[in-house]
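The lines below spell out each chain.
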Amino acid sequence: LFLFPEAFHILESASQLPSFHGGLKEKEKSAIWNFVYKGDTKAISGTRASLFLPFNHLSLIVLDFEHSESYTELRKPNYRALNVAKKLSELWNIPLILISSAPKVETYYKVDDKFVWEEKENLAPVKIVDIADERRKGRMGLLGPTAMESLARTLSQNKQTLLFLNRRGEASALICRDCGKTFRCETCSSPLTIHKEELRCHRCGTSREISASCDSCGNTKLKQLGGGTESLEKEIKKIFEKAKIVRLDSETISSKKKQKEMDLKALAEADIIIATKMIDKPFNLPRLSLSIAVLPDDLLHFPDFRAAERLMQILTHIRLLNPKNELLIQTFMPDHKLFKCIEQNKIEDFYEEELATRKSLTLPPFS
């Protein structure tokens, strides 16, 4: 059984195998279920749901992208695919192989000497840019001068650039300059995000028109805070009008029709890919030459003890999408230990520091 995270496409490398995933019709699922039950296949690929197929003589489980958050089922009955796979391997007394470019801290700790790092030779360099210093020079857009110069150079070489910004929409919030009120959702009180001509709640999905004035004081001088993938796309289009831009976020692939349109060919042919953490999938991007992490600091400030770990995983994945892929990180925290470990190719140091911190605070894997 070969397990892959839920994505828009089953991996090309597994295209010759029977595949079980949520995109299949009920008749197709039933056919594969019977196919496995009768033992008519020697191998099968699938997403987390394929762990519950009626195997008669299972002998090996391979779980790719072990760190992927999509292996957690949020609907009832809730389960974690890794835990289910571990139990299956115990019941069948068979090997379980986990594959990841940046495994979970708990997994790194538990596998111990069985963990094997695949050597990556001649990796392109990582450059850390202090965005605060660049903004003092007058550049106030989402991309600083260094990033813009690197982007222009890459386009002139007919190479591909990936811009990673983990926030969709045009701006993260709308506030009143006079009274300081933030426009919030009437249903769940979350800050509303600007999307084109409406304010939308990313928590419950409700939306409303953008107000011309403040609901509290009537002031018409409203200010947009932050920026998302839509505003970044607008910024890039103004400067590089002829560039082919593909935006990869939940707005662009919110339906099966859009998923079909967002095929691998479109991504491969794009000059610029603007993506949220949805890029954390096994994409094949042979033209990718430059990746820019646009203010990834927000992910570090997320109120979760795994925040740094998750950012490390996605930055490592982005870097390894192509060995020639240069990674540029725009940050207000250029001396953060995570960025330094990535810059110096010392990911093992990050794991050791993270484990020491968690042990002192009695956090997983020590509790």
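Residues numbered from 1 in each chain as written. Predicted model: local features only at pLDDT ≥ 70, side-chain atom pairs only at ≥ 80, totals over all residues. Heavy atoms only, no water.

Student: In this structure, what is going on with the packing of aromatic side chains? I would like to understand it.
Tutor: One pair of aromatic rings is described through two measures. These are the centre distance and the angle between the planes. Inspection of the entire model under this criterion finds four aromatic pairs. Between Phe52 and Tyr79 the ring centres are 5.0 Å apart and the planes differ by 80°, which places this aromatic pair in the edge-to-face class. Of the two residues, Phe52 is situated in the loop between strand 3 (45-46) and strand 4 (61-63) and Tyr79 in strand 6 (residues 79-80); the sequence distance between them amounts to 27 residues. By relative accessible area, which is 16% here, Tyr79 ends up buried. Note on Phe350 and Tyr351: the rings are 6.1 Å apart at their centroids and 70° apart in plane angle, and the pair reads as edge-to-face. Site record: aromatic cluster; members linked through ring pairs are Tyr108, Phe350 and Tyr351. (Phe/Tyr/Trp six-rings, centres within 6.5 Å; stacked < 30°, edge-to-face > 60°. Helix = DSSP H or I, 4+ residues; strand = E, 2+ residues; numbered from the N terminus. Buried < 20%, exposed > 50% of the residue type's maximum accessible area, 1.4 Å probe, protein only.)

Student: What exactly am I supposed to notice about the confidence of the model for the protein chain here?
Tutor: Regions with low pLDDT should not have their predicted coordinates read in detail. Per-residue pLDDT for the protein chain has a mean of 83; in total, 80% of the residues score no lower than 70. At the level of individual helices and strands, the protein chain shows its lowest average pLDDT in helix 7 (residues 256-261), which scores 49, and its highest in strand 9 (residues 160-164), which scores 96. Residue range residues 8-13 is modelled with pLDDT below 50. Its contacts to residues more than four positions away, or to other chains, number 16 contacts. (pLDDT = per-residue confidence, 0-100. Contact = heavy atoms within 4.5 Å.)

Student: When you look at the environment of Leu143 in this model, what are you seeing that I'm missing?
Tutor: Relative to the assigned elements, Leu143 resides in the loop between helix 4 (131-136) and helix 5 (145-156). Leu143 sits in the buried class, given a relative accessible area of 0%. Linking Leu143 and Gln330, residues 187 residues apart in sequence, is a C-alpha distance of 8.1 Å. If we ignore the near neighbours within four places in the chain, the residues touching Leu143 are Met148, Leu151, Leu163, Leu232, Glu235, Ile236, Ile292, Val294 and Gln330.

Student: Help me understand the nonpolar core, please; the structure alone is not making it clear to me.
Tutor: As a rule of thumb, nonpolar side chains are buried together in soluble globular proteins. By size, the foremost hydrophobic cluster in this structure holds 36 residues, and its most contacted members are Leu162, Ile279, Leu315, Leu338 and Phe339. Of the residues forming this core, the biggest block, six residues, is contributed by helix 10 (residues 307-319). Ignoring sequence-local partners within four residues, the contact set of Phe339 consists of Ile128, Pro296, Asp297, Leu300, Leu311, Leu315, Ile329, Thr331 and Met333. Counting residues in each nonpolar core, the second largest holds 21 residues, with Ile32, Ala81, Leu82 and Ala85 among its members. (Core = buried A, V, L, I, M, F, W, Y, C linked by side-chain atoms within 4.5 Å.)

Student: Any chance you could explain a negative patch on the surface here in plain terms?
Tutor: Residues Glu348, Asp349, Glu352 and Glu353 make up a contiguous surface patch of negative charge. By the element assignment, Glu352 lies in helix 12 (residues 347-360). According to the relative accessible area criterion, Glu352 is partly exposed, its value standing at 45%. (Patch = residues over 30% accessible without salt bridge, like charges linked within 9 Å, V, L, I, M, F, W, Y side chains within 5 Å. Areas by Shrake-Rupley, 256 points an atom, 1.4 Å probe, with all protein chains shown as cover. Salt bridge = Lys/Arg side-chain N within 4 Å of Asp/Glu carboxyl O. Lys, Arg positive; Asp, Glu negative; His and termini not counted. Charge placed at Lys NZ, Arg CZ, Asp CG, Glu CD.)

Student: Looking at this model, I keep getting lost on the sheet that holds strand 4. Mind explaining?
Tutor: Adjacent strands of a sheet pair through backbone hydrogen bonds, lying either parallel or antiparallel. Taking strand neighbours across the sheet as the criterion, the five strands line up as 2-3-1-4-7 in an open arrangement whose pairing is parallel. Strand pairing shows two members of the sheet lacking a second neighbour, strand 2 (19-20) and strand 7 (96-98), which therefore form its edges. Against the sheet, helix 2 (residues 81-92) engages strand 4 and strand 7, with an angle of about 160° to strand 4. (Pairing = 2+ DSSP bridges. Axes fitted to C-alpha atoms, helices over the stretch in contact; angles between N-to-C directions.)

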